Amino acid sequence: MSTRNSHSAKRAASQRTGRRRSGPILAFALVVVATVGVLAIRQYSGMSESIAAETGAGENKLNIGGPFTLVDQDGQTVTEANYSGRWLLVYFGYTYCPDVCPTSLTRNVDAIELLGDKGDLVTPVLISIDPQRDTPEKLKQYVGLFNPRMVGLTGTPEQIAAVAKEYRVFYMRSPGDTPDSYVVDHSSLTYLVGPDGKVAQFFSHSASPEEIADRLKQRL
Ligand code: NI
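Just so it is clear, the structure is predicted and the values come from calculations on it, not from any experiment. (Residues numbered from 1 in each chain as written. Predicted model: local features only at pLDDT ≥ 70, side-chain atom pairs only at ≥ 80, totals over all residues. Heavy atoms only, no water.)

Novice: I would appreciate a short explanation of the packing of aromatic side chains in the present structure.
Specialist: Aromatic rings in a pair are described by how distant their centres are and how their planes are angled relative to each other. As enumerated under the stated definition, the model contains four aromatic pairs in all. Ring geometry for F92 and Y191: centres 5.8 Å apart, planes at 85°, overall edge-to-face. Of this pair, F92 sits in strand β4 (residues 87-93) while Y191 is found in strand β9 (residues 190-193), placing the two residues 99 residues apart along the sequence. In this structure, F92 and Y191 share a single accessibility class: buried. A centroid spacing of 5.1 Å and a plane angle of 65° characterise the contact between Y142 and F146, whose relative ring orientation is edge-to-face. Remark: F146 and Y142 occur in helix α3 (residues 136-146); sequence separation between them is four residues, near one turn of the helix. Both residues of the pair, Y142 and F146, count as buried. The rings of F92, Y167 and Y191 are connected pair by pair, giving a single aromatic cluster. The ring of Y96 carries the charged tip of K138 above its face, separated from the ring centre by 4.7 Å. In this structure, R173 packs its charged tip against the face of Y182, placed 3.8 Å from the ring centre. (Phe/Tyr/Trp six-rings, centres within 6.5 Å; stacked < 30°, edge-to-face > 60°. Helix = DSSP H or I, 4+ residues; strand = E, 2+ residues; numbered from the N terminus. Buried < 20%, exposed > 50% of the residue type's maximum accessible area, 1.4 Å probe, protein only. Lys NZ or Arg CZ within 6 Å of the ring centre and 35° of its normal.)

If you want it as structure tokens, here you go:
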């Protein structure tokens with residue numbers, strides 16, 4: 001047996017002893033770490049689990065949403081109080097978005113139209129996550145293409161960052177060929193905000209107009 005091997009054997013033996021002594025403590029620590037880990041994962045994955053549900057819709061269990069100060073498509077400063085008493089179907093996106101935003105906004109308008117007269121109770125909203133390019137004028141032109149009742153909101157980069165944080169919206173610029181041709185990667189949930197200003201529910205990008213309309217019917 002070489003010296004090296006015997007050293008290894010001794011180390012292995014002492015490790016075994018050590019493991020035996022600290023076993024209960026280690027086991028306890030592992031249980032604590034595992035429990036905390038599972039709780040943290042549950043908390044943060046709750047939303048994506050809900051989104052993954054077949055309906056593509058989820059209840060708001062995470063206290064998403066909150067107050068905001070933004071600028072509407074007419075250049076007026078507005079807060080959540082301007083919309084109290086109304087149902088809002090809110091989407092975060094931007095007018096230069098090549099495909100995802102137009103698809104989601106069209107889908108949201110279709111869902112509202114499926115409600116017939118009751119659809120008048122729900123206002124479709126686009127909050128821009130590209131405030132540098134989405135001026136009120138630009139937004140006004142854009143939202144009008146989807147529905148004359150659609151509200152477009154923009155603001156300073158700080159105001160947008162604040163509302164995105166409240167709604168846990170992710171957005172990040174990816175550089176384009178020229179400084180003005182960048183795209184903005186962003187999460188694409190739609191939020192149903194109740195007359196109390198609170199997010200009642202959210203819908204994933206994959207939810208159909210029929211699914212959203214069904215959920216809305218249950219609440220209106
Ligand atoms: Ni988009």
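Novice: I'm lost on the environment of F68 in this one. Help?
Specialist: Its place among the elements puts F68 in the loop between β1 (57-59) and β2 (69-72). In the structure, F68 is positioned 11 residues away from T79 in sequence and 5.3 Å away in space, judged by C-alpha atoms.

Novice: Looking at this structure, I do not really get α3. What am I missing?
Specialist: Helical periodicity: at 3.6 residues per turn, an α-helix aligns residues three or four positions apart in one direction. Within α3, the full set of buried residues consists of P136, L139, Y142, V143 and F146. Buried residues along α3 cover an arc of 125° about the axis, so they all sit on one side. Opposite the buried face of α3, at more than 90 degrees from it, the exposed residues are E137, Q141 and L145. (Arc of directions from axis to C-beta.)

Novice: Explanation requested: empty space enclosed by the protein in the structure shown.
Specialist: One way to see where empty space is left: roll a probe the size of a water molecule over the atoms. Scanning the entire structure with this criterion turns up one cavity of 30 Å³ or more. In this structure, the largest cavity encloses a volume near 110 Å³. Among the elements of the structure, β4 and β5 (122-128) are those that each provide at least two residues to the lining of the largest cavity. Along the lines of polarity and charge, the residues of the lining of the largest cavity split into nine nonpolar, three polar and two charged. (1 Å grid on protein atoms, 1.4 Å probe; cavity = no way out; pocket = protein on both sides within 12 Å on 5 of 7 lines; lining within 4 Å. Points joined across faces, edges and corners; volume = space filled by probe spheres on them. Nonpolar A, V, L, I, M, F, W, Y, C, P; charged D, E, K, R; others polar.)

Novice: Explain the nonpolar core here, please?
Specialist: A general trend in soluble globular proteins is that nonpolar side chains are found buried together. F92, I127, L153, Y167 and Y191 are the most contacted members of the largest nonpolar core, which totals 37 residues. When residues of this core are traced back to their parent elements, those giving at least two are β4, α2 (100-113), β5, α3, β6 (151-154), α4 (157-166), β9 and β10 (199-203). When near neighbours in sequence (up to four residues on either side) are disregarded, F92 contacts L126, I127, I129, V163, A164, Y167, V169, H186, S187, L189 and Y191. A111, L115, A200 and F203 belong to the second-largest nonpolar core, a separate cluster that totals 13 residues. (Core = buried A, V, L, I, M, F, W, Y, C linked by side-chain atoms within 4.5 Å. Contact = heavy atoms within 4.5 Å.)

Novice: What exactly am I supposed to notice about unusual backbone geometry here?
Specialist: What you tend to see is this: most non-glycine residues have negative phi, and most peptide bonds are trans. Even without being glycine, R168 reaches a positive phi, approximately 55°. Inspection of the secondary structure assignment puts R168 in the loop between α4 and β7 (171-174).

Novice: Explain α2 to me, please; I cannot follow it from the model alone.
Specialist: Under the 1.5 Å per step criterion, the end-to-end length of α2 is 20 Å for 14 residues, consistent within 8% with the ideal 20 Å. Looking only at α2, the buried set comprises C101, S104, L105, R107, N108, V109, A111 and I112. Contacts from the buried residues of α2 go to β4, β5, α3, β8 (183-186), β9 and α5 (209-219). (Expected span 1.5 Å × (residues − 1).)

Novice: Please clarify how the pairing of β5 should be interpreted in this entry.
Specialist: Each regular strand displays side chains that alternate between the two surfaces of the sheet. Burial within β5 is extensive, with seven of its seven residues counted as buried. The sheet contact formed by β4 and β5 spans seven bridges and is parallel. If you follow L89 over to β5, its bridge partner there is P124. The β-α-β motif built from β4, the intervening α2 and the parallel element β5 has right-handed crossover chirality. Of the strand pairs in this sheet, β5 and β6 are connected by three bridges, and their pairing is parallel. What sits directly across from I127, in β6, is L153. Of the crossover connections in this fold, the one passing from β5 over α3 to the parallel β6 is right-handed. (Pairing = 2+ DSSP bridges. Right-handed = clockwise from strand over helix to strand, strands pointing away.)

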